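Geometric and topological summary
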Amino acid sequence: MQTWQMQEAKARLSEVVKLAESEGPQDITLHGRSVAVILSRAAFERLSGNEYSLVEFMRQSPLYGLEEIEFDRDRSLTREVAL
């Protein structure tokens, strides 16, 4: 991972972004301390696990398309709570 000082990264942002896409994450430092990492969109998507939207995820459920779904309900009494 290549390291960039904040000032240099700001001045050469376009190059930093292109390198993130072609060579991998780019580390940004401020006063010698790592403060940020620039990733390509593909790397971000892979790491975040957002391959599907919530709607697509729900449509993959085995229950999708069923008209009536019955859930068993716990009929036990509620517990006492001291207030």
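Look a little higher up for the structure.
1. Let's talk about the overall build of the protein
Check the secondary structure of the protein and you find four helices and three strands. Start at the N end of the protein and walk to the C end: the helices and strands fall as β-α-α-β-β-α-α. Compactness check: the protein gives a C-alpha radius of gyration of 24 Å against a globular reference of 12 Å for 83 residues, more than 25% above the reference. Its C-alpha atoms give the protein principal-axis dimensions of about 65 × 45 × 15 Å. Relative to its 83 residues, the protein shows a buried fraction of 14%. Of the contacts formed within the protein by residues at least 6 apart in sequence, a portion of 26% connects residues at least 24 apart.

2. Focus on helix α2 (residues 13-22)
Listed in full, the buried residues belonging to α2 are Val16, Leu19 and Ala20. For α2, the angular spread of buried residues about the axis comes to 105°, placing them on one side. Structural note: α2 exposes Lys18, Glu21 and Ser22 on the side pointing more than 90 degrees away from its buried face. Of the surrounding elements, those touching the buried residues of α2 are β1 (2-5), α1 (6-11), β2 (26-30) and β3 (33-38).

3. Notes on the side chain of Gln26
Among the secondary structure elements, Gln26 is positioned in strand β2. The buried category is assigned to Gln26, whose relative accessible area is 2%. Separated by 2.8 Å, the side chains of Gln26 and Trp4 make a polar contact. A distance of 2.9 Å separates the side chain of Gln26 from the backbone oxygen of Gly24, its partner in a polar contact. Apart from the residues within four sequence positions on either side, Gln26 is in contact with Met1, Gln2, Trp4, Val16, Leu19, Ala20, Ala36, Val37 and Ile38.

4. Considerations on a negative patch on the surface
Taken together, the side chains of Glu67, Glu68, Glu70 and Asp72 present a region of like negative charge at the surface. The topology assignment puts Glu70 in the segment after α4 (54-59). For Glu70, a relative accessible area of 75% gives the class exposed.

5. Describing the nonpolar core
Residues Trp4, Ala9, Val16, Leu19 and Ile28 constitute the largest nonpolar core, which totals five residues. Those residues in contact with Ala9 that sit more than four places away from it in its chain are Trp4, Val16 and Ile28.

Cut-offs used in this document
- Residues numbered from 1 in each chain as written.
- Predicted model: local features only at pLDDT ≥ 70, side-chain atom pairs only at ≥ 80, totals over all residues.
- Heavy atoms only, no water.
- Helix = DSSP H or I, 4+ residues; strand = E, 2+ residues; numbered from the N terminus.
- Rg over C-alpha atoms; globule rule 2.2 N^0.38 Å.
- Buried < 20%, exposed > 50% of the residue type's maximum accessible area, 1.4 Å probe, protein only.
- Contact = heavy atoms within 4.5 Å.
- Arc of directions from axis to C-beta.
- Polar contact = N/O pair within 3.5 Å; in protein donor to acceptor, adjacent residues only side chain to side chain.
- Patch = residues over 30% accessible without salt bridge, like charges linked within 9 Å, V, L, I, M, F, W, Y side chains within 5 Å.
- Areas by Shrake-Rupley, 256 points an atom, 1.4 Å probe, with all protein chains shown as cover.
- Salt bridge = Lys/Arg side-chain N within 4 Å of Asp/Glu carboxyl O.
- Lys, Arg positive; Asp, Glu negative; His and termini not counted.
- Charge placed at Lys NZ, Arg CZ, Asp CG, Glu CD.
- Core = buried A, V, L, I, M, F, W, Y, C linked by side-chain atoms within 4.5 Å.

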